[in-house]
Amino acid sequence: MSRPLNHYCTYFDSGYLAQGVALWQSLRRHDANAILWVLALDKTAERALRNFGDEALRVITLDQLLQSDPELRARQHRPREQFIFTLTPCWVRHVLTARSEIHRLVYLDSDLYFFSSAAPIWSELQKGSVLITPHWYPKWHEDAPRYGTFNVGVVGFRRDEDAQACLEWWRQRCLESTELAADGTRFGDQKYLDEWPRRFEGVVVCDHRGINVAPWNWAGFVFEISSRAPVGVEGVPLVVFHFAQFRRIAGRWFDSGQLEYGVMPRRLRSRLYGEYWSALLEAEMMIRKVWPQFAIKSRGWLAVLKPWHLGLLRWVWGEFWWRGQNNWYAGRAGLGRFSGRVISLWRRWERRHE
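Our subject in this report is the structure included herewith. Because the structure is a prediction, the values reported are computed rather than measured.

Things to note about the environment of Ile 296
For Ile 296, the position within the fold is in the loop between α10 (266-290) and α11 (301-304). We classify Ile 296 as buried; its relative accessible area is 16%. Distance from Ile 296 to Gln 19, taken between C-alpha atoms, is 9.4 Å for residues 277 residues apart in sequence. Not counting chain neighbours up to four residues away, the residues in contact with Ile 296 comprise Ala 18, Arg 248, Trp 277, Leu 280, Leu 281 and Glu 284.

Right under this line is the structure:
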């Protein structure tokens, strides 16, 4: 008897094509029953993905989604970033509505990467109708009130009344506004998740610390690192890491995007980011077979050093990494891990003296 398929969905354009392909390849390694539904946001991404000829990779175009959802189509005038956030619940609903054979669906941000079996995600979702993952900010961090208690990187829905009610409420809120206000009431598609546990039945708050580990929460976890075993987090396997804001600057230099949260120690970053960068390079090679001109874009120093005072702060705290053969160096003698704490204290001081 064949095992049931595990359906996932995500979206990205050609600018995130390498990240999306790396996500897909990691998912294939760690879930043999995975089907990934991709909303291709431009024709270049669509053509590349279709040319892979992978039956487990299902591609839908943005035009197809807009044709099926007039309310979403009416929001195309929004600034691009706000429109992208509007897509998330509309895309999830579209997949569940269009494919009646899908009884459970997990949304994944395109900059995620799996390090071990995806089974814990489905085990968590099995406990209820909707799965959400906390940001798990360290105690000293104060971003939860502004950006939300929960992160949209991993969200799961079952095909039942409770999940459908929650999903439609989320969609309506995002159709109303996805402003990046960070005012305690709105932030893109994310802040709305704070309301789910009290508004809807069957909402499961993920308790597995290895799901959706990220730059904003690693500092609050204890990791187990061994050359012979997968990375562990708080006694469980690291399932999937969220490589948010990670970009190549130029050559062997990279922007970790970790200044706000603390710069990860060298041994851990070399293990996680080293594997991820190798996966991105493998994805680049795969894409070049169907799109020879493709290359992972570099941001350039001019972009990351502006404004200059913030660029200097990033340099001092070791946010910029240099990739050696097997290690990723940040310098600053490990002091970078305290950057998030310092910035948090600085903000508290500013608020008291406003």
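Brief notes about the sheet that holds strand β8 (residues 203-205)
As summarised here, the arrangement of the seven strands in space is β3-β2-β1-β4-β7-β6-β8, forming an open sheet in which the pairing is mixed. What marks the edges here is a single partner per strand, and that holds for β3 (57-61) and β8. Averaged over all pairs of adjacent strands, the angle between strand axes in this sheet comes to 20 degrees, irrespective of strand direction. Against the sheet, helix α2 (residues 43-51) contacts β1 (6-12), β2 (34-40) and β3, and its axis sits at roughly 155 degrees relative to β3. Where helix α8 (residues 161-176) meets the sheet, its contacts fall on β6 (130-134) and β7 (150-158), and the angle it forms with β7 comes to roughly 140 degrees.

Observations regarding α8
In this model α8 runs 23 Å from its N-terminal to its C-terminal C-alpha over 16 residues, within 8% of the 22 Å that 1.5 Å per residue would give. Buried residues of α8: Ala 163, Cys 166, Leu 167, Trp 169, Trp 170, Arg 171, Arg 173, Cys 174 and Leu 175, and no others.

What to know about the pattern of salt bridges
Taken as a whole and assessed by the stated rule, the structure comprises 19 salt bridges. The salt bridge involving Arg 99 is made with Glu 101; its shortest N-O contact spans 2.9 Å. When its relative accessible area of 32% is taken as the criterion, Arg 99 is described as partly exposed. Using a relative accessible area of 39% as the deciding quantity, one classes Glu 101 as partly exposed. For Arg 288, the salt bridge identified is with Glu 284, shortest N-O distance 3.6 Å. With Arg 288 and Glu 284 both in helix α10, this residue pair falls four residues apart, about one helical turn.

What counts, and where the lines are drawn
- Residues numbered from 1 in each chain as written.
- Predicted model: local features only at pLDDT ≥ 70, side-chain atom pairs only at ≥ 80, totals over all residues.
- Heavy atoms only, no water.
- Helix = DSSP H or I, 4+ residues; strand = E, 2+ residues; numbered from the N terminus.
- Buried < 20%, exposed > 50% of the residue type's maximum accessible area, 1.4 Å probe, protein only.
- Contact = heavy atoms within 4.5 Å.
- Pairing = 2+ DSSP bridges.
- Axes fitted to C-alpha atoms, helices over the stretch in contact; angles between N-to-C directions.
- Expected span 1.5 Å × (residues − 1).
- Salt bridge = Lys/Arg side-chain N within 4 Å of Asp/Glu carboxyl O.

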